[in-house]
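Here is how the chains run, residue by residue.
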Amino acid sequence: MRKLGSVAAIGAGLLMWALGSTPGAEAALDGATVTGKVKFVGKAPPNPAIDMSEEAKCAAKYTTPPREPVVVANANGTLANVLVYVKAGLPADAKYPTPATPVTIDQSACLYHPRVFGIMVGQTLAIKNSDGILHNIKALGKKNRPFNISQPIAMTTTRSFTTVEVMLPFECNVHGWMHAWAAVLAHPFFSVTGTDGSFSITGLPPGTYTIEAWHEKYGTQTATVTVKAAEAKTADFTYTAK
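I will try to describe carefully the structure that is included in this document. Computed from a predicted model, the values in this text were never measured in an experiment. (Residues numbered from 1 in each chain as written. Predicted model: local features only at pLDDT ≥ 70, side-chain atom pairs only at ≥ 80, totals over all residues. Heavy atoms only, no water.)

## Examining the overall build of the protein
Broken down by element type, the protein carries three helices and 17 strands. Relative to its full complement of 242 residues, the protein shows a buried share of 40%. Looking at the protein as shown, the accessible area adds up to about 12500 Å², and 57% of this sits on carbon and sulfur atoms. (Helix = DSSP H or I, 4+ residues; strand = E, 2+ residues; numbered from the N terminus. Buried < 20%, exposed > 50% of the residue type's maximum accessible area, 1.4 Å probe, protein only. Areas by Shrake-Rupley, 256 points an atom, 1.4 Å probe, with all protein chains shown as cover.)

## Side note on the state of the cysteines
Counting across every chain of the model gives one disulfide. There is a disulfide in this structure between cysteine 58 and cysteine 110, and the S-S distance comes to 2.2 Å. Its torsion about the S-S bond being 70°, the disulfide of cysteine 58 and cysteine 110 is classed as right-handed. On the criterion of sequence distance, the pair formed by cysteine 58 in helix α3 (residues 56-59) and cysteine 110 in the loop between β3 (103-108) and β4 (111-113) is long-range, its members being 52 residues apart. For the pair cysteine 58 and cysteine 110, a shared accessibility class is recorded, and that class is buried. Of the cysteine sulfurs around cysteine 172, a residue in no disulfide, the closest is that of cysteine 110, at 7.6 Å. (Disulfide = S-S within 2.5 Å.)

## Observations concerning the packing of aromatic side chains
Overall, the coordinates contain nine aromatic pairs when judged by the stated rule. With centroids separated by 5.4 Å and ring planes inclined at 85°, the aromatic side chains of tyrosine 96 and phenylalanine 189 adopt a geometry described as edge-to-face. Here tyrosine 96 is found in the loop between β2 (83-88) and β3, whereas its partner phenylalanine 189 is found in the loop between β11 (179-185) and β12 (190-192), with 93 residues between them in sequence. For the pair shown, tyrosine 96 and phenylalanine 189 are each scored as buried. (Phe/Tyr/Trp six-rings, centres within 6.5 Å; stacked < 30°, edge-to-face > 60°.)

## Concerning the nonpolar core
Ranked by internal contacts, the top residues of the largest apolar core, which has 27 residues, are Val84 and Leu204. Leu111, Leu125, Ile137 and Ile149 belong to the second-largest nonpolar core, a separate cluster that totals 26 residues. (Core = buried A, V, L, I, M, F, W, Y, C linked by side-chain atoms within 4.5 Å.)

## Re the sheet that holds strand β6 (residues 125-129)
The strand order across the open sheet formed by four strands is β4-β3-β6-β9, and the pairing between neighbours is mixed. Single-partner strands in this sheet number two, and they are β4 and β9 (155-159). The sheet shows a mean angle of 20° between the axes of neighbouring strands, direction not considered. Relative to β6, β3 runs parallel, the two being bridged by five bridges. The residue of β6 that forms the bridge with valine 103 is leucine 125. (Pairing = 2+ DSSP bridges. Axes fitted to C-alpha atoms, helices over the stretch in contact; angles between N-to-C directions.)

## Quick notes on the sheet that holds β11
Ordered in space as β5-β11-β10-β7-β8, the five strands form an open sheet in which the pairing is mixed. Strands with a single pairing partner mark the edges of an open sheet, and in this sheet they are β5 (116-120) and β8 (147-151). Adjacent strand axes in the sheet meet at a mean angle of 25°, parallel and antiparallel pairs treated alike. Sheet topology places strand β7 (residues 135-139) next to strand β10 (residues 165-172); three bridges connect them, and they run antiparallel. Paired with isoleucine 137 across the bridge in β10 is cysteine 172.

## Thoughts on the pattern of salt bridges
One pass over the structure, following the stated rule, counts six salt bridges. Counted as one network, the salt bridges with shared partners bring together Glu68, Arg115 and Glu216. (Salt bridge = Lys/Arg side-chain N within 4 Å of Asp/Glu carboxyl O.)

Have a look at this one:
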């Protein structure tokens, strides 16, 4: 038994050594988790109708007249496309590695997918044109340098951002109904709600945090959450239809 215990101790030591060589690894090892749902009360307003008659290739992809997905209310009484992120509470000098995997925004059926997303400073944004028709994506950054990229065919272009900005809007010069938003953050503690309205922020070091939820129509809400090492906490948000 002593021999097995020694082997286990050595293995644990090697794991700690390997994790210790990565910035933020100790926080990840003992990281806390904040999960929750973004609830939606009331009847969702009708989304704007889109006239795609001049873009037959896109129009053909819809079985019913398309609408711009400004408010996406889920069947379980929650809201999609809500960015939830740590707004305050992280150490000012904390550094987090930039993910090697790009974030992709796709122009498909003349809409942006995803409509709302998070990306870290310096992380690659892959801008994909799956439609194979002319799109002209414009990033309207105020803290980041704006860009305007023409993509006349099916192709992918890459860009990145240099500073924190919440939120950074995108639009298409060719198709005025195409909109998207990105949260450019210096840390990986963010999540976007999907078809069940849930979010999960993992790997948080112990501390007290301001968690903010952002929606393009209904604005922002905040919650204060205190977590210990490896602790799991819940924070729900509720938006009411206007």
